[in-house]
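# Coordinate inspection notes
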Amino acid sequence: LAKTTQPISMDSYEGQEVNITCSHNNIATNDYITWYQQFPSQGPRFIIQGYKTKVTNEVASLFIPADRKSSTLSLPRVSLSDTAVYYCLVAKGYSTLTFGKGTMLLVSP
Amino acid sequence: AAGVIQSPRHLIKEKRETATLKCYPIPRHDTVYWYQQGPGQDPQFLISFYEKMQSDKGSIPDRFSAQQFSDYHSELNMSSLELGDSALYFCASSPPRTGGRDTQYFGPGTRLTVL
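Residues take numbers from 1 onward in each chain, read along the sequence in its written order. Following the order in which they are written, the chains are lettered starting with A and the ligands numbered starting with 1. The model is predicted, so local features are restricted to residues of pLDDT at least 70 and side-chain atom pairs to those at 80 or more, both for listing and for counting; the totals for chains, interfaces and linings are taken over all residues. The side-chain numbers reported here are obtained from all heavy atoms of the structure, hydrogens and water having been left aside.

### Describing unusual backbone geometry
Residue and element names in this part refer to chain B.
- Along the chain, Ser-7 connects to Pro-8 via a cis peptide bond; the corresponding omega equals -10°.
- Every helix listed is a DSSP run of H or I at least four residues long, and every strand listed is a run of E at least two residues long, numbered separately from the N terminus. Secondary-structure assignment places Pro-8 in the loop between strand 1 (5-7) and strand 2 (10-13).
- In this model, Tyr-72 sits at a positive phi of 75°, which is unusual for a non-glycine residue.
- Here Tyr-72 is to be found in the loop between strand 7 (64-68) and strand 8 (74-78).

Here is the structure:
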């Protein structure tokens, strides 16, 4: 399983764009990159998933360079409610998810 | 939209007792995963089922067992409970396999406290 490394914590202010980068140097050809958000005492919530280049949905964008050894989750104009732990996961489809240490994002007024 | 349902949401047990956690996947989802998240820890995979058969096994203690039923709901049975079993237990489900990628949808979790 590809191991991921992401910052332990990040701080931001309301209205700013937040970019969280995850490195996954030994990602396999059939691995996908998925980001989850987790609030305290709640189940992880799917944010976005991609394989290469750029993916955008209503809540975030995911940038993946050509070598796929890293990825960046971009959250536009964060609000206080975006304070949560963000997990970057790399896995092939229909396989178990191995959660590493996520990034604790703290958004302040 | 319907989500993953877990019951009970909270459970308090004594050491050496047994507990059964239930998971009802999103309708038409055929794969169920169980994860354990201890206090201040990241979720850890326990076991998964696909089409009612065990498909993968993680760090699930021998004291625990699980199964998926014909209606695709799943139950995690925990015996001889220990203090260290106190954690949040999440169930996730994913839709039928039609391509190379899938997304796991997590339930709200069951908080198990062992006294």
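### Things to note about the side chain of Gln6(A)
Residues and elements named next belong to chain A.
- Here Gln-6 shows up in the segment before strand 1 (9-13).
- Counted as a polar contact is a pair of N or O atoms within 3.5 Å, where, for protein atoms, one must be capable of donating a hydrogen and the other of accepting one, and residues adjacent in sequence contribute only when both atoms are in side chains. Among the polar contacts made by the side chain of Gln-6, one reaches the main-chain carbonyl oxygen of Tyr-86 at a distance of 2.8 Å.
- Of note is the side chain of Gln-6, whose polar atom sits 2.8 Å from the side chain of Thr-103.
- We call two residues in contact when some of their heavy atoms are within 4.5 Å. Ignoring sequence-local partners within four residues, the contact set of Gln-6 consists of Ile-20, Thr-21, Cys-22, Trp-35, Tyr-86, Tyr-87, Cys-88, Lys-101, Gly-102 and Thr-103.

### Digging into the side chain of Gln68(B)
Residues and elements named next belong to chain B.
- With respect to the helices and strands, the residue Gln-68 is situated in strand 7.
- Within the structure, Gln-68 has its side chain in polar contact with the backbone nitrogen of Lys-52 (distance 2.7 Å).
- A polar side-chain atom of Gln-68 sits 3.1 Å from the main-chain carbonyl oxygen of Tyr-72.
- In this structure, Gln-68 is in contact with Asp-30, Val-32, Phe-49, Tyr-50, Glu-51, Lys-52, Met-53, His-73 and Ser-74, ignoring residues within four places of it in sequence.

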